[in-house]
Amino acid sequence: MRRHFLSSSRILAFAGMMVFLAGCTTFSKDGGFNTVSSIASERLGKDAVQVKTDEDQDAVTRRTHELLSKPLGMDDAVQIALLNNRGLQASYGELGISEADLVQAGRLPNPGFSFSRTHGSNDLSISRTFTVGLLGVLTLPLATRIESGRFEQTRLLAADAMLKVAADARRAYIKAVAAEQAATYAAQVKDSAEAGAELALRMQQAGNFSKLDYAREQAFYADAVAQLARMRQQSVAAREKLTRMMGLWGAATQYTLPERLPDLPRNRPELNDLESFAMQNRLDIQAAKLQTQSVASSLGLSKATRFINALDVGYQNNFTTSDGHEQGYEISVEVPVFDWGGAKVARAEAIYMQSVNRVAESAINARSEVRESYSAYVTDYDIAKHYRDEVLPIRKTISDELLLRYNGMLASVFELLADSRDQVGAVNSYIDALKDYWLAETDLQQAVGGRLPPLAMASAPSVHPTQPASPIDSEGQ
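Not measured: the values here are computed from a predicted model.

A. Structural context of the overall build of the protein. Looking only at helices and strands, one finds 13 helices and 4 strands in the protein. For the protein, the residues scored as buried account for 39% of the 477 residues in total. Considering only contacts in the protein between residues 6 or more positions apart, those separated by 24 or more positions represent 79%. For the protein, the exposed area adds up to about 26,700 Å²; of that, 54% sits on carbon and sulfur atoms.

Below, the structure written as C-alpha cells:
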C-alpha cells in the first residue's frame, strides 16, 4: 500500500507540473502590435492602427474624413495609408499567426489514454494506459524560446511592412501632385498656343504672315493639345495609384490635392555615417539576424534529439481476474538502428549557413542601397537647385527683356509667343527635377530605416564604407 501511495503522489506531482507548464505561455494584450505602433510614432510621427472591431473601423473612418476635409498634404496621405491600406492590414495578420505558434509551442501535448478489455474462457483482462510525450515536455523551454524569437522577427517584419507602405504612399503622393501640376501647366501652354494659332490665322488671312510662320504656330498648337491630353491621363493614373495606396473608395476618392509640390529646401544637410545608421535602424536587417539566431537554436535542438525521435512515458493500470490489479510504468523509445539522425543535423547545418549568408547579403545590399540613394539625393537636389537658382531666373530675365522690347515696339507678339515656347521646356524640367528630389529623399529615408538621422548626427565625422570588417556590424571589429 505504501508503494502504491508514493507512486500516486509522484504521478500527481508530475501532472501538476505539466498543468503549470501548460499555462505559462498566453496571448499578449496587444498581439505584438505595440512594436509596429511604437516605430510608426518614433520614425514617422504617425499612428498605426490594427483594425479588428467595428469600433476600430469607425474611428479610422472618422480620422480619414477629418484628414480629407482639407487639401491633402504629404503627411496626411501617409497617415491615411497607414489607417486604410488593406494590404497592410492583411500583413498584420502574420502577428496573430506567429503569436498563436508561440502559444502553441508553450503548450504541452495532450496526454493519451487507452483502454482495452479482453476475455477468454474464464479469464477477464482489463488494461488502462495513460501516456504523455516526455520529449515534448523536455524540449518545451527550448521550443518556446525558438518561437519567441520568431514572433519577435514577425513583429519587426510587420513594422518594416508598415514603413514600406508609408514610403510607397509618399512616392505616390509626390507623383500625383507633380502630374497634376504638369497637367495644369500644360493647359496654360495649350491656351497660349491656341491664342497664337488664332492670331496667326487672322494675320495670314490678311496677308501679313507667311505660310511657313503660320504652319509653325499651328504645329505648336497641335503638339500642345496632344501634350495636354497625355499629361491629364498621367495625372489620372498617378492620382488613382495614390488612391489605391491610401485604401480609399467611393466619395472619399474626391479629395483635393495642392496645386504644386513643396518647395525645395533652401539648404541640403550633409548626412554622414549613413551606413552605420542604416545597420542600426533597418528592421529587415534586424529581422534577418533574429532568423539566423532562431535557426541556430533549431540546430542545437536537432543535435540534442537526433538519437531520440519518439519518447513516451506512461502509467499503466491493468486488471485481470486471475491476478487482480497490476500497476506500473511503460517507456517507449525508438531505437536508432537505421537512422542515427545524421541527415537531420546536416540539413539543419545547411539551413543555418544559408541563413548566415542571406543576412550578410542583406546587409551588403543595404549598404549599397544607402550609398546609391544618397548619391541620387545629392544629385537631384543639386539639379533642382540649379533650375531654381539659375535656369528659371535666366528665362524670366529673357521674358522681361522681350516684354520691354515689345512695349517699345522693338519685338513682335510672335517673338513673345516663341519665348513662351522656350519656357515650356525649362518649367517642365524644373517640375521633374523637384519631383525627383522628393522621391530621392523618400528612397533615402527608406534605405536607412524609415527616417533620416538627426541633424546632430549629420555633423559626425564620416566613415569610409570599406572600413568595417563585416557588413553586418555598424563599426569595424
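B. Structural context of the packing of aromatic side chains. By the definition in use, this model includes 5 aromatic pairs. Ring geometry for F33 and Y92: centres 4.8 Å apart, planes at 80 degrees, overall edge-to-face. On the criterion of sequence distance, the pair formed by F33 in the loop between α1 (2-22) and α2 (34-44) and Y92 in helix α5 (residues 86-105) is long-range, its members being 59 residues apart. On the basis of relative accessible area, Y92 is assigned to the buried category, the value being 0%. Between Y437 and W438, the aromatic rings sit 5.1 Å apart at their centres with planes inclined by 65 degrees, giving edge-to-face as the arrangement. Connected via pairs of aromatic rings, a cluster forms that spans Y374, Y377, Y381, Y437 and W438. Sitting above the plane of the F151 ring, R155 keeps its charged end 4.9 Å from the centroid. The residue whose ring lies beneath R239 is Y255, and the NZ or CZ to ring-centre distance is 4.0 Å.

C. How the structure looks around the pattern of salt bridges. Overall, the coordinates contain 18 salt bridges when judged by the stated rule. Notably, a salt bridge pairs K70 with D76, separated by 3.8 Å at the nearest N-O pair. The exposure class assigned to K70 is partly exposed, which follows from its relative accessible area of 41%. We note a salt bridge from D443 to R171, for which the minimum N-O separation is 2.7 Å. With D443 in helix α12 (residues 413-447) and R171 in helix α7 (residues 140-205), this pair connects stretches of sequence that are 272 residues apart. Of the residues examined, R171 reaches a relative accessible area of 16% and is grouped as buried.

D. The side chain of N281, seen in detail. One can find N281 in helix α9 (residues 274-281). The exposure class of N281 is buried, given its relative accessible area of 8%. In this structure, N281 is in contact with R43, Q286, V448, G449 and R451, ignoring residues within four places of it in sequence.

E. How the structure looks around α5. Its 20 residues give α5 an end-to-end C-alpha distance of 30 Å, which sits within 8% of 28 Å, the value for a rise of 1.5 Å per residue. Considered for burial, the residues of α5 that qualify are L88, Q89, S91, Y92, L95, S98, E99, L102, V103 and A105. At the N-terminal end of α5, a side-chain oxygen is found 3.1 Å from the backbone nitrogen of G87, two or three residues along, and the residue is N85.

Basis of the calculations
- Residues numbered from 1 in each chain as written.
- Predicted model: local features only at pLDDT ≥ 70, side-chain atom pairs only at ≥ 80, totals over all residues.
- Heavy atoms only, no water.
- Helix = DSSP H or I, 4+ residues; strand = E, 2+ residues; numbered from the N terminus.
- Buried < 20%, exposed > 50% of the residue type's maximum accessible area, 1.4 Å probe, protein only.
- Contact = heavy atoms within 4.5 Å.
- Areas by Shrake-Rupley, 256 points an atom, 1.4 Å probe, with all protein chains shown as cover.
- Phe/Tyr/Trp six-rings, centres within 6.5 Å; stacked < 30°, edge-to-face > 60°.
- Lys NZ or Arg CZ within 6 Å of the ring centre and 35° of its normal.
- Salt bridge = Lys/Arg side-chain N within 4 Å of Asp/Glu carboxyl O.
- Expected span 1.5 Å × (residues − 1).
- Polar contact = N/O pair within 3.5 Å; in protein donor to acceptor, adjacent residues only side chain to side chain.

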